[in-house]
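Below are the chains, spelled out letter by letter.
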Amino acid sequence: MTIDHFYTKKIEEPKGSNNWNDVGVPKSNFYIGMISQVYRDSAYIQVENLSLFNHRNIRLESLIPNSINYFVVIDSVQGLFIAEIYQSRVNSSASVHEAMNRGIKENVYPEMAVNVIGILDGNKFKLAGLKTVGITDKVYIANKKIISMYLNSIEVNDYQSKDTYGKTIEHQKPLENLMKLDGSESQSLSLQPNTLFDRHLMVVGTTNSGKSTSSLTILDKLVSAKKKVLILDPTGEYQNSFSENEIDKFTLGLDISLNTNDVEDQFWTDFFNVSSAEDSNKASVLSDAIASLRYQKSIGQSHCLIKDQKPVNPLLYNINNVKSKEFDLSLLTNQIRNEAVKQIQDSGQYKFKKDGNLFNASTWLIQKVTYFLKSSLIKNFFDSQQENLFEKLEKFIDSKNSKSLYLNLSRISKTDTAGRTIVDLISKFIIDNKTTNNPALVLFIDEVHRYISRYSEENGLISIAREGRKKGVFLFLTTQNPKDVPEVLLGQVGTMVIHRLTHSEEITAIQNYLNQNTVSQIPKLNQGEAILTSINLLQDIHVCFEKSGRSHDNSTPLL
């Protein structure tokens, strides 16, 4: 396919005819210059004179060549390349200055820099690979037909379902009208779900940048397309966005709970925030208290274990042989008090004896656990009378039904440590129980930086980021602080929607996802505007998200 296919029309004639008639707009009207310099990552255009920079309307085409961020097509011996203008300049000299002042445009020769995006292959553009444009190749402004073909080619992969013999059953249906190409009201972009999620998706942006709007738009398209989504909402802002016909909705601590028998010791040290190296003694006391309460539960006792004056060896033997992890959480504070004992030798055997110094050392832990358990919401969350969280998650994972699941965490994530521990617990359960035999699902977490430490190297979310793809679990994360997201998690994200960021450290955290010419535009983005970058796209594109029309409880009150 040559460049004339896009600027002229072929007369209807018998098959095999090569007779052409230029009934469209001649490509000379779109001409701007020739390639004058070629580099591995870019090329330069020598514009033949300044008059070619004049704004002009040609039928339905409006051309503004004296700007940047528009597409051009390069007619080369290696093929037809599409490129984007990212720099435009006129060399400074006395003669140029005089010519411009006198309006003699024919004596001024501007220069433009382009980023080569791809090369035409059949009826689609693809990555150019090692092919490059050449010096003296002619350059034309891309018309609507070329831009439309480029948008249809923007996705690198064509995702297909195949049978056991490797035969294509169907192509993945795109999420229709997902976003608009920035600067074009008529050009909507539709993308296959795996283009966004194949290597996980993250939406970043400062407050009021449009991050929540774009996130809800993507969620809306996923749910409407009957894709399975697990929404973990730590603030409750999405609780009214979807109807119960579309999605099952539960609130942790209200109508769904967790049994103490379902979690390991590490959960409790994380939950009560005593997992750091300097808190190792407190973690040890907490673990001992929980083990004592498990023993009491196993023998049918509903009160704390009084260790004072008890023989050491028989008691520890009984405690260590308890298999169940269930215990009465409401007794934990008093049990920590009873753990303030030391071992002494009396009449040839060791026994426990109260110790004031150990009790004083446990005061901080007692106060911390008391503060946590003071909330009735926390107590309700560990109420075994309600529907079990893990049972609900297991049913959701195993179900062939495409109905999504919404979990409101706002009642139990009042502190970052509690919310972080619950999110980690759910993430680990998903990655441990999901198999390739279950339908693929998307895990959505809003403001993920609040629920994972930037220094984390191992937790549930990172495990999903590393291993989730092969099991069919894809992350959809949002954050206004990308610098607080662990590098190991950021490194697994393949697609990013970048809204306005203003802090230099936040921009630095994600600048490796963009080329240098695009990074400088991030602080200038308007509300709703974003840069979409992905390993599954030909190049970064500027897009605009519109509100989905669904309810969203995220409005900022006025003073």
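Residues numbered from 1 in each chain as written. Predicted model: local features only at pLDDT ≥ 70, side-chain atom pairs only at ≥ 80, totals over all residues. Heavy atoms only, no water.

Draft legend 1. Examining the confidence of the model for the protein more closely. On average, residues of the protein score 86 in pLDDT, and 88% of them reach the 70 mark or higher. Confidence drops under a pLDDT of 50 for residues 10–14, and excluding neighbours within four residues, the segment shows five contacts in the predicted structure. For residues 17–23, every residue scores under 50 in pLDDT, and the model assigns this stretch 14 contacts once sequence neighbours within four places are set aside. (pLDDT = per-residue confidence, 0-100. Contact = heavy atoms within 4.5 Å.)

Draft legend 2. How the structure looks around the packing of aromatic side chains. Taken as a whole and judged by the stated rule, the model has 22 aromatic pairs. By the ring-pair criterion, three or more aromatic residues cluster together here, those being F267, W268, F271, F272, F327, Y371, F372, F381 and F382. (Phe/Tyr/Trp six-rings, centres within 6.5 Å; stacked < 30°, edge-to-face > 60°.)

Draft legend 3. A look at the side chain of E529. Among the structural elements, E529 can be located in strand β27 (residues 529–534). For the buried E529, which has no salt bridge, the nearest side chain bearing the opposite charge is R500, at an N-O separation of 8.7 Å. (Helix = DSSP H or I, 4+ residues; strand = E, 2+ residues; numbered from the N terminus. Buried < 20%, exposed > 50% of the residue type's maximum accessible area, 1.4 Å probe, protein only. Lys, Arg positive; Asp, Glu negative; His and termini not counted. Salt bridge = Lys/Arg side-chain N within 4 Å of Asp/Glu carboxyl O.)

Draft legend 4. Spatial organisation of the environment of K351. Looking at the secondary structure, you find K351 in strand β21 (residues 349–354). Since its relative accessible area comes to 16%, K351 is described here as buried. Once the C-alpha coordinates of K351 and N313 are considered, the two residues, 38 residues apart in sequence, prove to be 8.0 Å apart. Excluding residues that lie within four positions of it along the chain, K351 makes contacts with Q309, K310, P311, V312, K342, Q343, I344 and D346. A polar contact of 2.6 Å, which involves the side chain of K351, links it to the side chain of D346. (Polar contact = N/O pair within 3.5 Å; in protein donor to acceptor, adjacent residues only side chain to side chain.)

Draft legend 5. Here's a closer look at the sheet that holds strand β26 (residues 495–498). The eleven strands lie next to each other as β15-β14-β28-β27-β26-β16-β25-β24-β17-β23-β18, forming an open sheet whose pairing is mixed. Strands at the two margins of the open sheet, each flanked by one partner only, are β15 (188–191) and β18 (247–251). Averaged over all neighbouring strand pairs, the angle between strand axes comes to 25°, with direction disregarded. Relative to strand β23 (residues 404–408), helix α13 (residues 389–398) is tilted by about 155°, and along the sheet it contacts β17 (228–233), β18, β23 and β24 (441–445). (Pairing = 2+ DSSP bridges. Axes fitted to C-alpha atoms, helices over the stretch in contact; angles between N-to-C directions.)

Draft legend 6. Molecular detail of helix α5 (residues 211–224). For α5, with 14 residues, the first-to-last C-alpha span of 20 Å sits near the 20 Å given by 1.5 Å per residue. Within α5, eleven of the 14 residues are buried, which leaves the element mostly enclosed by the surrounding structure. Where α5 is concerned, the buried positions are K211, S212, S214, S215, L216, T217, I218, L219, D220, L222 and V223. Taken from the residues just after α5, K226 is the one with a positive phi, measuring 65°. (Expected span 1.5 Å × (residues − 1).)

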